[in-house]
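# Chain and residue survey
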Amino acid sequence: MIQIAVFSDVHGNLPALDSVLKDIEARGIQHKFCLGDLVDFAPWGNEVTEKVKALNIPCLLGNHDERIAFDIPVVPLSKHSEEETEARFIAIDHSKKHITKENKRFLSELPFHLKLNYKVGKKHWNIQLVHSNLSSNDTYLYESEEDEIFIRMLEDAQSDVIVMGHTHLSFKKQFENNTWAINCGSVGRSKEENRLASYLVLTLDEEKITPEIVQLPYPIDETVRQIRESGIPDYYASFLKNENILIL
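Summary of the structure given here. Note that the coordinates shown come from a computational prediction; the quantities given were computed from them, not determined experimentally.

Criteria and thresholds
- Residues numbered from 1 in each chain as written.
- Predicted model: local features only at pLDDT ≥ 70, side-chain atom pairs only at ≥ 80, totals over all residues.
- Heavy atoms only, no water.
- Axes fitted to C-alpha atoms, helices over the stretch in contact; angles between N-to-C directions.
- Helix = DSSP H or I, 4+ residues; strand = E, 2+ residues; numbered from the N terminus.
- Parallel < 35°, antiparallel > 145°, perpendicular 65-115°, else oblique.
- Contact = heavy atoms within 4.5 Å.
- Nonpolar A, V, L, I, M, F, W, Y, C, P; charged D, E, K, R; others polar.
- Pairing = 2+ DSSP bridges.
- Right-handed = clockwise from strand over helix to strand, strands pointing away.
- Salt bridge = Lys/Arg side-chain N within 4 Å of Asp/Glu carboxyl O.
- Buried < 20%, exposed > 50% of the residue type's maximum accessible area, 1.4 Å probe, protein only.
- Phe/Tyr/Trp six-rings, centres within 6.5 Å; stacked < 30°, edge-to-face > 60°.
- Polar contact = N/O pair within 3.5 Å; in protein donor to acceptor, adjacent residues only side chain to side chain.
- Arc of directions from axis to C-beta.

## With respect to the packing of helix α1 (residues 14–26) against helix α2 (residues 45–54)
Across the interface, α1 lies against α2 with an axial gap of 9 Å and an inter-helix angle of 25°. Considering their axes alone, α1 and α2 lie roughly parallel with respect to each other. Where α1 abuts α2, its residues Leu14, Leu17, Asp18 and Leu21 lie against Glu47, Val48 and Lys51. Broken down by class, the residue content of the contact of α1 with α2 amounts to four nonpolar, no polar and three charged.

Listed below in structure tokens is the structure:
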């Protein structure tokens, strides 16, 4: 049996990341992977990046990492309210101003996606890791999508499992031949009602893959306080407290 942990979308939320890493360590899981979006919306973008780097956790290039690394202009999204649009511009600008040159370079060198192969007994399991999908790190795929979309992704990746993040909403979808499409949710900016830090544990044995979505509490009040004391809009603090904020 082999276990791997996959997390995504930390978004500068160090207390949430610390809770996830502590839980992974308590479970004795040695293999850890991050699907990207280390920065934006909470004030520890540098600290989160440095921790992932120091722990040698393989990490993908999320769309927010890419924007900060390459100074890509921010454009409004039609799904966002006027309030969120304004807050988003300010929060991303905050990251661009505060990210160090070393961390910016680290983000710029992250791989776009990663394919894993684990051998358990006589069985080889292929696991495809993406931020959003194989060709984009900024496409929103939800549990409600037609199964064919995920089946085609699995076929294109020639994999048994494809794991994604980006939407901040976790799900597990099983198809024929024990194949899976999984969203591991978000560590630092969950859009789920409980706002808990979310990550995925994959257990591999010779016969099957067993996925578990783990959701954990963390010192959210500390994150909220630090957001409100930084130059990041209070909008993101209110969101973490689930104070009647709708984010799509």
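Read on for the rest.
## Re the pairing of strand β2 (residues 31–34)
One ladder, built from four bridges, connects strand β1 (residues 2–7) with β2; its direction is parallel. Residue pairing in the sheet places Ala5 in a bridge with Lys32 of β2. The handedness of the β1 to β2 crossover, carried by α1, is right-handed.

## A closer look at the environment of Ile72
Note on placement: Ile72 falls in the loop between α3 (63–69) and α4 (82–98). For the pair Ile72 and Lys96, spaced 24 residues apart in the sequence, the C-alpha separation amounts to 10.0 Å. The contacts of Ile72, once residues within four sequence positions are left out, are Glu66, Arg67 and Lys96.

## A short note on the pattern of salt bridges
Applying the stated criterion across every chain, the model contains eleven salt bridges. A salt bridge links Asp71 to Lys104; its shortest N-O distance comes to 2.8 Å. Remark: Lys104 occurs in helix α5 (residues 101–108) and Asp71 occurs in the loop between α3 and α4; sequence separation between them is 33 residues. Residue class for Asp71 comes out partly exposed when judged on its relative accessible area of 43%. On the basis of relative accessible area, Lys104 is assigned to the partly exposed category, the value being 24%. With its nearest N and O atoms 2.8 Å apart, the salt bridge here joins Asp147 to Lys173. Of this pair, Asp147 sits in helix α6 (residues 147–157) while Lys173 sits in strand β6 (residues 171–175), and the two are 26 residues apart along the sequence. Given a relative accessible area of 37%, Asp147 falls into the partly exposed group.

## A word on the packing of aromatic side chains
For the structure shown, the criterion picks out four aromatic pairs. Taking 6.3 Å as the distance between ring centres and 15° as the angle between the ring planes, the aromatic pair formed by Tyr140 and Tyr142 counts as stacked. With a relative accessible area of 26%, Tyr140 lands in the partly exposed category. Residues Tyr235 and Tyr236 carry aromatic rings whose centres are separated by 5.3 Å and whose planes lie at 75° to one another, so their mutual orientation is edge-to-face. Here the two residues Tyr235 and Tyr236 agree in accessibility, since each one is buried. An aromatic cluster is present here, built from Phe41, Tyr235 and Tyr236 joined pairwise through their rings.

## Describing the side chain of His166
Relative to the assigned elements, His166 resides in the loop between β5 (161–164) and β6. Only 3.2 Å separates the side chain of His166 from the side chain of His131, close enough to count as a polar contact. With residues near it in sequence (within four places) discarded, His166 still touches Ser8, Asp9, Asn63, His131, Ser132, Asn137, Asp138, Thr139 and Tyr140.

## Side note on the sheet that holds β5
Within the open sheet, the five strands sit side by side as β3-β4-β5-β7-β6. Their pairing is mixed. Edge positions in the sheet fall to β3 (114–120) and β6, since each of these pairs with one other strand and no more. Between one strand and the next, the sheet's axes are offset by a mean angle of 15°, whatever the strand orientation. Against the sheet, α6 engages β3, β4 (123–129), β5, β6 and β7 (179–183), with an angle of about 75° to β6.

## Brief notes about α6
Every buried residue of α6 is listed here: Phe150, Met153, Leu154 and Ala157. Along the axis of α6, the buried positions cluster into a sector of 95°, meaning they face one direction only. Those residues of α6 that are exposed and aimed more than 90 degrees away from the buried face are Glu155 and Asp156. The secondary structure elements touched by the buried residues of α6 are β3, β4, β5, β6 and β7.

Interpretation note: all reported values are geometric properties and have no functional meaning in isolation.
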